[in-house]
Amino acid sequence: MKKSLTVLCLMLTSFAASAGYSVSAGFGKNFSQSLETEENLKIDLDDDSQFTFSIDRTIESARYGLFYSATTLNMEAQSDKKIEMQYLLFQSAVEVPLGKNINGFVGAQIGANHVSTNFTESDTFFTTGLYAGAEYLFTDNVRVYVESRWLATIVNNASNVSCTLPTSENEQCLWHFDGDVLNQFQTNIGFSYRF
């Protein structure tokens with residue numbers, strides 16, 4: 001049994017090595033646009049950190065795969081109101097050598113943003129965006145990267161989030177995203193390993 005398991009592990013490792021995959025993990029800062037009530041009152045979200053993870057198929061001078069990011073944001077005026085956003089995106093990027101052991105990359109992404117709060121039901125929205133960055137190659141397999149991402153979550157003003165007004169506990173308001181697109185920007189630093 002141990003021999004079979006060892007042989008299976010070696011086969012999977014050699015398959016992954018020949019297939020050309022990379023696993024990346026990072027963290028960074030998230031910057032969000034304001035929310036707006038139906039009474040046109042601006043509500044700002046605190047900028048906060050996020051965690052990112054991706055698995056990519058690597059080919060010569062390009063890569064494609066899945067990207068995941070999660071962040072929890074507080075509302076500046078009401079810190080007890082929390083919004084959690086989880087992105088799951090398909091991404092693709094081209095890589096360009098910038099110098100010895102340094103590559104640049106630029107890509108696009110498309111997928112979904114699952115938004116949940118501690119004060120109303122969750123919802124999932126279509127998301128797209130662009131990203132770019134640079135990576136330093138310690139070896140062909142081990143890399144450290146920095147990147148910036150623009151994430152545009154497509155929503156409409158019919159997608160409402162209910163809340164309690166601070167003036168009275170019995171009054172309700174409706175929050176909606178300002179316009180039809182919620183823009184967010186991420187700056188990340190991370191580690192990548194290629195098989």
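Keep in mind it's a predicted model, so treat the numbers as computed, not measured. (Residues numbered from 1 in each chain as written. Predicted model: local features only at pLDDT ≥ 70, side-chain atom pairs only at ≥ 80, totals over all residues. Heavy atoms only, no water.)

Asker: Which parts of the structure should I look at to understand the sheet that holds strand 1 (residues 21–32)?
Answerer: Each strand in a sheet pairs with another by means of backbone hydrogen bonds, the pair being arranged parallel or else antiparallel. Taken in spatial order, the eight strands line up as 1-4-5-6-7-8-9-12 and close into a barrel, and their pairing is antiparallel. Each strand axis lies, on average, 25° off the axis of its neighbour in the sheet, ignoring direction. (Pairing = 2+ DSSP bridges. Helix = DSSP H or I, 4+ residues; strand = E, 2+ residues; numbered from the N terminus. Axes fitted to C-alpha atoms, helices over the stretch in contact; angles between N-to-C directions.)

Asker: Please clarify how the confidence of the model for the chain should be interpreted in this entry.
Answerer: Caution applies to low-pLDDT parts of the model: their predicted coordinates are not meant to be read in detail. Of all residues in the chain, 72% attain a pLDDT of 70 or more, and the chain-wide mean is 79. In this model, residues 7–17 is a region of pLDDT below 50 whose contacts with residues beyond four sequence positions or in other chains number three contacts. (pLDDT = per-residue confidence, 0-100. Contact = heavy atoms within 4.5 Å.)

Asker: Explain the side chain of Ser 192 here, please?
Answerer: Mapped onto the elements of the fold, Ser 192 is located in strand 12 (residues 181–194). A polar contact of 3.0 Å, which involves the side chain of Ser 192, links it to the side chain of Ser 24. Not counting residues up to four positions away in its chain, the partners in contact with Ser 192 are Ser 22, Val 23, Ser 24, Asn 141, Val 142, Arg 143 and Tyr 145. (Polar contact = N/O pair within 3.5 Å; in protein donor to acceptor, adjacent residues only side chain to side chain.)

Asker: Looking at this model, I keep getting lost on unusual backbone geometry. Mind explaining?
Answerer: A negative phi angle characterises most non-glycine residues, just as the trans form characterises most peptide bonds. If you check the backbone angles, Ser 61 has positive phi at about 60° while not being a glycine. Relative to the helices and strands, Ser 61 is located in the loop between strand 4 (48–59) and strand 5 (62–74). In this model, Asn 101 sits at a positive phi of 65°, which is unusual for a non-glycine residue. If you trace the backbone, Asn 101 turns up in the loop between strand 6 (82–99) and strand 7 (102–117).

Asker: Honestly, the pattern of salt bridges in this entry has me stumped. Any pointers?
Answerer: If charged atoms from side chains of opposite charge come close, those side chains can pair. Enumeration over the complete set of coordinates arrives at six salt bridges. A salt bridge links Arg 63 to Glu 135; the shortest N-O distance between them is 3.7 Å. One end of the pair, Arg 63, is in strand 5; the other, Glu 135, is in strand 8 (residues 123–137), with 72 residues separating them in the sequence. Per residue, the accessibility class of Arg 63 equals that of Glu 135, and both read buried. The partner of Arg 194 in a salt bridge is Glu 95, with the nearest N and O atoms 2.5 Å apart. One end of the pair, Arg 194, is in strand 12; the other, Glu 95, is in strand 6, and 99 residues separate them in sequence. Relative accessible area serves as the criterion here: at 10%, Arg 194 is assigned to the buried category. Under the relative-accessibility criterion, Glu 95 is labelled buried at 10%. (Salt bridge = Lys/Arg side-chain N within 4 Å of Asp/Glu carboxyl O. Buried < 20%, exposed > 50% of the residue type's maximum accessible area, 1.4 Å probe, protein only.)

Asker: Sorry if this is basic, but what is going on with the packing of aromatic side chains here?
Answerer: Two aromatic rings, taken as a pair, are described by how far apart their centres are and by the angle between their planes. In total, this model carries four aromatic pairs according to the counting rule given. Arranged with centres 6.2 Å apart and planes meeting at 55°, the rings of Phe 105 and Tyr 131 form a pair that is tilted. Of this pair, Phe 105 sits in strand 7 while Tyr 131 sits in strand 8, and the two are 26 residues apart along the sequence. Residue Phe 105 is classed as buried on the basis of its relative accessible area of 5%. Residue classification places Tyr 131 among the buried residues on the basis of a relative accessible area of 3%. (Phe/Tyr/Trp six-rings, centres within 6.5 Å; stacked < 30°, edge-to-face > 60°.)

Asker: Would you mind going over the side chain of Arg 63 with me for this structure?
Answerer: In this structure Arg 63 comes out as buried when scored by relative accessible area, which is 10%. Reaching out from Arg 63, the side chain makes a polar contact with the side chain of Glu 95 at a distance of 2.8 Å. Those residues in contact with Arg 63 that lie beyond four places of it in its chain are Asp 56, Arg 57, Thr 58, Gln 91, Ser 92, Ala 93, Glu 95, Phe 105, Glu 135 and Arg 194.

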